[in-house]
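Here's the letter readout for the chains.
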Amino acid sequence: VQLQAYGGGLVQAGGSLRLSCAASGRTFSSYAMAWFRQAPGKEREFVAAITWSGGSSYYADSVKGRFTISRDNAKNTVYLQMNSLKPEDTAVYYCAASARLRVGVNEYDYWGQGTQVTVSS
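Fair warning: this is a prediction, and the values are worked out from it, not measured in the lab.

## Side note on the packing of aromatic side chains
Here's step 1: The full count for this structure, using the stated rule, is seven aromatic pairs.
Here's step 2: Here Phe-36 and Phe-46 contribute two aromatic rings whose centre-to-centre distance is 5.7 Å and whose plane-to-plane angle is 75°, an arrangement assigned as edge-to-face. Linking Phe-36 in strand S4 (residues 32-38) with Phe-46 in strand S5 (residues 45-50), this pair joins segments that are 10 residues apart in sequence.
Here's step 3: Given the relative accessible area of 0%, Phe-36 is considered buried.

## Quick look at the nonpolar core
If you look at soluble globular proteins, the nonpolar side chains tend to sit buried side by side.
Here's step 1: The biggest cluster of nonpolar side chains holds 36 residues, and the ones touching the most others in it are Met-33, Trp-35, Leu-80, Met-82 and Tyr-93.
Here's step 2: At the level of secondary structure, the elements contributing two or more residues to this core comprise strand S1 (2-6), strand S3 (17-24), S4, S5, strand S7 (67-72), strand S8 (77-82), strand S9 (91-98) and strand S11 (115-120).
Here's step 3: The contact partners of Met-33, leaving out residues within four places of it in the chain, are Leu-3, Cys-21, Phe-28, Ala-48, Ala-49, Ile-50, Ile-69, Arg-71, Val-78, Ala-96, Ala-97 and Tyr-108.

## Topic: unusual backbone geometry
Here's step 1: Phi at Asn-76 takes a positive value of approximately 55°, unusual for a residue other than glycine.
Here's step 2: With respect to the element layout, Asn-76 can be found in the loop between S7 and S8.
Here's step 3: Notably, Ser-84 is not glycine yet its phi reads approximately 50°, a positive angle.

## A word on the pattern of salt bridges
Here's step 1: For the coordinates displayed, the defined rule picks out four salt bridges.
Here's step 2: For Arg-37, the salt bridge goes to Glu-45, with nearest N and O atoms at 2.7 Å.
Here's step 3: We note a salt bridge from Arg-37 to Asp-89, for which the minimum N-O separation is 2.9 Å. With Arg-37 in strand S4 and Asp-89 in the loop between S8 and S9, this pair connects stretches of sequence that are 52 residues apart. In terms of burial, Arg-37 and Asp-89 fall into one category: buried.
Here's step 4: Several salt bridges converge on common partners, so that one network encompasses Arg-37, Glu-45, Arg-66 and Asp-89.

The rules we used
- Residues numbered from 1 in each chain as written.
- Predicted model: local features only at pLDDT ≥ 70, side-chain atom pairs only at ≥ 80, totals over all residues.
- Heavy atoms only, no water.
- Phe/Tyr/Trp six-rings, centres within 6.5 Å; stacked < 30°, edge-to-face > 60°.
- Helix = DSSP H or I, 4+ residues; strand = E, 2+ residues; numbered from the N terminus.
- Buried < 20%, exposed > 50% of the residue type's maximum accessible area, 1.4 Å probe, protein only.
- Core = buried A, V, L, I, M, F, W, Y, C linked by side-chain atoms within 4.5 Å.
- Contact = heavy atoms within 4.5 Å.
- Salt bridge = Lys/Arg side-chain N within 4 Å of Asp/Glu carboxyl O.

Here is the structure:
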């Protein structure tokens, strides 16, 4: 499966953004999907993940209550709604696909190219 993330941009602290990740291939609905992020000088970290059906999701503590992951299998797209953004959310955000819901960077098989999110204070 090929993934393309988009929707990043520059936003003020407290603002919102919605990221999208479009997938190609008819097997999208069989994959768990996740968002990761990588800030300058830091390792890539888990943000959120959702099962193939959308029935379950999991979040990093740092974004819980502010971010929401969702998916539309009919559109082959996964979303990340980000509210109450903070400067520390600034990073390149990546979407990824795996056969099962995981939280480890090395446990995802397919990656999108990343989209920059910058939150100004």
